[in-house]
Each structure stands twice: as structure tokens, then as C-alpha cells.
Amino acid sequence: MDKPLKYRIPFLLLLLVLVVCFVFNISLGSVSIPFKDTLNAVFYGNVQNEPWAYIIWNYRIPKAFTALLVGSGLALSGLLMQTLFRNPLAGPFVLGISSGASLGAALLIMGSSLFSGVLAFGFVTNITLAIASSLGSFLVLLAVMTVASKVKDTMALLIIGLMFGSITAAVVSVLSYFTNAEKLQQYVYWSFGSLGNLSWSQLSLLTGIILIGTLLGIASIKTLNALLLGENYARSLGVDLKKSRYIIIIAMGLLAGGVTAFAGPIAFIGLAVPHLTRQIFNTTDHKILVPAVLVYGAIIMLLCDTVAQLPNSASVLPINAITSILGAPVVIWLLVRKQKMVF
Amino acid sequence: MIAKNIDFSLSSGELAAIVGINGIGKSTLLRTLGKVQPKLSGEIIINGKPLNSYGPRELAAQISVVLTEPIASKNMTVLELISLGRQPYTNWIGTLSDADQSKIKESVQLMALGDLQHKKCHELSDGQLQRVMIARALAQDTAIILLDEPTTHLDLYHKVQILKLLKKIVRQTNKTILFTSHEIEMAIQLCDKILILDNGENPFERPTELIAQKRFEKLFPADTIEFDAATASFRISKGQ
């Protein structure tokens, strides 16, 4: 905490890597556009080739921004969870936020065939999907918070979050069982996660949500540091535990819920990035960790997306699979070397 | 049985211990005094003001605690952990001012942690970590420091070391320190006052006074342990 200078150089490097990854991500895709033209389009806005400009401005740049927001949002929400629950394996899926979003999406896609006539859902578009999954994650979060007000122990809250996750997963299973193949396929596609379907207006909404969540996270930095000692010590240091717990939970809900609503359930980023960040910076101080996970999360997500879009080929891999393929080994590695785990 | 009708008051510059058998409520009492847990009944007054009327931050400037529970993250350096003690005084993001820094340095010196200050907490021994936790409480710069069994798990040398440090703090800073302990013999030698939770009168007196009143004799069953007033120590009862 006494030497911010020590962290300045790795942080600047990280920012540089972020910019490189961002441009790199935009320059690659199913249509091959020369790197120079990409740079021209991004920084000067002039490209001779009209379709190229269209692809870059309406497809690639929004997608890269989405990746940036999704990575940052999930990583920060993961960090908040790990500190609040003092549990290195906590992630956005733990509080039931992601499962809530899945429930919302599942009800919209598959529920309409089940309850046709009873519940007249409109037809499924990106926007209705986003609304349904935000509602889902918000409702689950609300349920968890209602229970949280009755439970003093944060560990119990963690388990309650997992239970809510199980319930929603079970409901999704039942829906999947009774729905038809076409709708099931549509739901499965949603659960793959996607960064590429956002328009500029949806993107600005997501930006707003992530921004509020991030600001709440930044406002909680001091509390998060106190929580490193444990809840009783934090209270003895003058932290209003009940209030700050709510603020942190709301921040996590906005970040993880917002991301899942717009990009689908994306695994492992929230769990793995905080650990990777702690490995680089070797600190527990949230004044450094919070900005670092934001940048690091964005970098990892941009890289995952670059891999997922399989440059110069017409097909795109599901982003959720790529993050899992990269993320699962990290979790295994963490468990294997648990004794030396930086937490 | 849990002790009832406890009534005592502490002044500044006093080192006091709470002793009693397991389960009598030593820790409960101490944690209640520190507002770590809600009180069951009765009244706690600090500086003429009831405990419950203090806001979180206001209380944090009055009472610091060292608890038995392990800290959540041991990946902090000693200095980072001690710095957290300044939280009641720092701004919204926890920036340390010059005054904060000098207070931290002072605590490091008083607890003789200069050589350890850049070590991570998981690299420390139990005795060292306990000193760090006391330094953190010191950095919080409160009139009252409450410690829950600060000498448990330590060897004889480190038990004495910690207790002597507490004594030194009291003498040098005029703070009030109250701790729970099973080291009754050491408490008799070092403390200004002792509160005996014996489920009877729960006397709170100077150690010599308590010995004169034969208070320690009743602490444990006489057929197992007896108290020798001449040497102020406990012995295993002979016979049977």
C-alpha cells in the first residue's frame, strides 16, 4: 500500500497489451481486411473499401467493445465475490446471478411453447432475450438478498446462492425436457454465449450498467481491504457491514447480471482472472487489484474472442467453450498448487 | 453455567485480564464489550456514552480488537496489515497521510517488527503474527484495546513476551487494555486488575487483593487443583 510506483510499470504494460489486443481483435475476422486498413478505419475513419468500413464499424468494433466490457465486468464481479465471500472459488455463477439469467432466457425461449396462451411471450429477439435474462438475474439476486438480510454469515449466503442456482438449473432442465427441438437448440445457442450480436444502442446500455457496477466496486475498495481481515475485524475498523455488503452485492449483480443478459452465460472469466491478476501483481490491495482485473479481464476476453472467431474462416466457435477451455486448466492448476495459492 | 451480574469499570492506563473456566463467558463478555457481537443484557458505557449510541466509525476510533479468529487473507505483508488499522481515519479510498504513516511506524517499533515488516503474514510464526495483530490494533490508536486470548497456542517464552509487551503499551501510551486469558499466574504478576468470572460475585480487583480475599481458591474444584497463595500459583491437588 505504500509503494504505488512498484505497480505502475506492470500496469502501464497491461494497458499497452490491452490496446494491442483491441486492435488485433478488430483486424482479424472471417473477412480478411489488411491490418493497415484496419488501423486507418479505427484511428482516422477513412477506408476506401466501403464494405470493409461497414464490417469494422458495425460489426467488429462493437464486438471488441462488448468483449472489453464483458471481460472487465465479469472479472471485477469475480474479484468482489472472492473477497466478500473470502472464498477463492467464488465467481459470478456462485450467487445464482448467471443461473437467474439462464432461467430468464429459458423461460422466454422454451416457456412460450409450454405455457402458450397462459403466458403470451413475444417472439424471441436479442432485446427481449436481454430483458428476460436481466429480469431473471435480478429476481434471483433479489431473492438471495432477501435471504441475506436474515442471514448474518456470509458463508451461509454463499451456499444459499448455490442453492438458488440449483433450483433455477432444475427449472431449466424441466423446461428443456418438455420443449421442442427447435426451441431447445435456440436456448443452447444462447447458452454458448455471444459477443457479436450487440448494436451500438445495446452496447451503450451495457456500458452504462458496467460503469455503475464498476463505480460501486471502486467505492468499495476500502471496505474490500478491511474484509481481508474478516468480517468482525472489518466491523471493528468502522465498516458498516450491512450497508457495504449490499453495495458490493448490487455491484456484483449489475456486473455479472448485465454481462450475462447481453452476452449469455460466459464461464470462468470471473473465477480465473482475479487469480491470474494476483499472480502478476502479488498483492491483496484492492486499490491495485480493482483496476488490474478490469484491464486483465478485458485482455483475456479479447484474446478468447480472437481465438473464437477463427480468423479468415466463416465459422465462429462458441465463446463460452473457449473461455472454459482456457479457464478450466487454470482452476485445476490453482487447486493442485493450493498450498501456495495467492489469496 | 455462564457468569451473570458482571459489573466492573476500567480507567485509562490499566492492564486488566478476564479469567475463568472454559465456557464461563470470557470471550462472550470481551466480544460484547467490543460490539463484535450484540449484547445479551445490561449496559456498557464508554467515556460516559452508551456503547450502542456509537456509530461504526466513531466506535472504531475508541476500541480496537484482537480476536481469536484467523484473518481471512494471509497474503498481506506485515506493513499492509498494520496499515489497515488506520482505516477509521483515512479517506474514502484509504490513502495514508503522513500522520498515518508515522503512527504505523510507531506501532512497528513498539512491537519490534522492523525486521518483519515486508514479510507476508503466512511466513510468520504464531507468536510473530500475534505481535502483528497487536501492532495493527495499536495503529488504530484507540483508548481501549480488547484482546481475546492473545497468548493461546504460544510457548511459555512467547506468552510472556506478548503479555510484557501489553504491559509496556499500557505504561507508554496510557491506553486501557483488557484481555481474556488462561494464564492466571502470569496475569497475577503483570496485570493491574483482574476480573474473575466465577459465577458468583465475579470480583474485579488488584491481584494482591484477590489473593488476600482467597478468590483464586474457588476458581477450580479443590480436589483437582489448589491455589498456593504464598507463591501465587496453582498446584495439582495431592491425594486420591
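Residues numbered from 1 in each chain as written. Chains lettered and ligands numbered in written order. Predicted model: local features only at pLDDT ≥ 70, side-chain atom pairs only at ≥ 80, totals over all residues. Heavy atoms only, no water.

**Things to note about the overall build of chain A**
- The helix and strand tally for chain A stands at 14 helices and zero strands.
- A compact globule built from 343 residues should have a C-alpha radius of gyration of about 20 Å, and chain A, at 20 Å, falls within 12% of that.
- Taken along its principal axes, the extent of the C-alpha atoms in chain A is 65 × 60 × 35 Å.
- Across the 343 residues in chain A, those meeting the buried criterion constitute 54%.
- Taking the contacts inside chain A whose residues are at least 6 apart along the sequence as the reference set, 78% of them involve residues at least 24 apart.
- Looking at charge distribution, chain A has the averaged site of its 20 positive side-chain charges lying 10 Å from that of its 9 negative ones. (Helix = DSSP H or I, 4+ residues; strand = E, 2+ residues; numbered from the N terminus. Rg over C-alpha atoms; globule rule 2.2 N^0.38 Å. Buried < 20%, exposed > 50% of the residue type's maximum accessible area, 1.4 Å probe, protein only. Contact = heavy atoms within 4.5 Å. Lys, Arg positive; Asp, Glu negative; His and termini not counted. Charge placed at Lys NZ, Arg CZ, Asp CG, Glu CD.)

**Points about the overall build of chain B**
- Helix and strand content of chain B: eight helices and 10 strands.
- Relative to the compact-globule value of 18 Å for 240 residues, chain B shows a C-alpha radius of gyration of 19 Å, a close match.
- For chain B, the C-alpha atoms occupy an extent of roughly 60 × 40 × 30 Å along the three principal directions.
- Per-residue burial for chain B yields a buried fraction of 53% across its 240 residues.
- Intrachain contacts of chain B at a sequence separation of at least 6 include 64% that bridge at least 24 residues.
- A total of about 11500 Å² of accessible surface is found on chain B, and carbon and sulfur atoms cover 51% of it.
- Of note, chain B has its 28 positive side-chain charges centred 3 Å away from the centre of its 27 negative side-chain charges. (Areas by Shrake-Rupley, 256 points an atom, 1.4 Å probe, with all protein chains shown as cover.)

**As for the pairing of strand S4 (residues 63–66) of chain B**
Residue and element names in this part refer to chain B.
- By the alternation rule, side chains of S4 split into Ile63 and Val65 and Ser64 and Val66, which are all buried.
- As judged from the four bridges shared by S4 and strand S5 (residues 144–147), these two strands associate in the parallel manner. Each residue of the ladder has a partner; that of Val65, found in S5, is Leu146. (Pairing = 2+ DSSP bridges.)

**Quick word on unusual backbone geometry**
All names here are of chain B.
- Positioned with a positive phi, Ala112 is a non-glycine residue whose angle comes to about 55°.
- Residue Ala112 is classed as exposed on the basis of its relative accessible area, which comes to 53%.
- A positive phi angle, near 55°, is found at Lys214, a position not held by glycine.
- Mapped onto the elements of the fold, Lys214 is located in the loop between helix H8 (207–212) and strand S9 (225–228).

**Looking at the interface of chain A and chain B**
- Contacts between chain A and chain B engage 28 residues on the former and 36 residues on the latter.
- With both chains or domains summed, chain A and chain B bury close to 2600 Å², and 57% of this area falls on carbon and sulfur atoms.
- Our enumeration of links across chain A and chain B arrives at zero salt bridges.
- The tally of links between chain A and chain B comes to 13 residue pairs in polar contact (both at pLDDT 80 or more).
- For the side of chain A that touches chain B, the secondary structure elements donating two or more residues are helix H8 (200–219), helix H9 (221–227) and helix H10 (231–236) of chain A.
- Per-element tally for the side of chain A that touches chain B: the top contributor is H9 of chain A, with five residues.
- Here the residues of the side of chain A that touches chain B sort into 13 nonpolar, eight polar and seven charged. (Buried area = accessible area lost by both parts, 1.4 Å probe. Salt bridge = Lys/Arg side-chain N within 4 Å of Asp/Glu carboxyl O. Polar contact = N/O pair within 3.5 Å; in protein donor to acceptor, adjacent residues only side chain to side chain. Nonpolar A, V, L, I, M, F, W, Y, C, P; charged D, E, K, R; others polar.)

**Considerations on the domain arrangement of chain B**
Residues and elements named next belong to chain B.
- Split into domains, chain B comes out as domain 1 (1–62 + 143–240) and domain 2 (71–141).
- On the domain 2 side, the residues contacting the 19 residues of domain 1 number 15 residues.
- Between domain 1 and domain 2 the total buried area reaches about 1400 Å² when both faces are included, carbon and sulfur atoms providing 65% of it.
- Counting the contacts that link domain 1 with domain 2 gives one salt bridge.
- A salt bridge links Lys175 to Asp141, with the nearest nitrogen and oxygen atoms 3.2 Å apart.
- Looking at the side of domain 1 that touches domain 2, the elements with two or more residues in it are helix H2 (56–60), S5 and helix H6 (156–173).
- Along the lines of polarity and charge, the residues of the side of domain 1 that touches domain 2 split into 11 nonpolar, four polar and four charged. (Domains from an automatic or database assignment.)

**Some thoughts on helix H2 (residues 35–44) of chain A**
Residues and elements named next belong to chain A.
- Listed as buried for H2 are Asp37, Thr38 and Ala41. Relative to the axis of H2, the buried residues are bounded by an arc of 105° and lie together on one face. Exposed and facing more than 90 degrees away from the buried side of H2 are Lys36, Phe43 and Tyr44. (Arc of directions from axis to C-beta.)

**What to know about the sheet that holds strand S6 (residues 176–180) of chain B**
Residues and elements named next belong to chain B.
- The strand order across the open sheet formed by six strands is S4-S5-S6-S1-S7-S8, and the pairing between neighbours is mixed. Edge positions in the open sheet fall to S4 and strand S8 (204–205), since each of these has one partner strand only.
- The strands touched by helix H5 (residues 126–139) are S4 and S5; relative to S4, the strand with the most contacts, the crossing angle is about 170°.
- Against the sheet, H6 makes contact with strand S1 (15–20), S5 and S6, and its axis sits at roughly 155° relative to S6, the strand it touches most. (Axes fitted to C-alpha atoms, helices over the stretch in contact; angles between N-to-C directions.)

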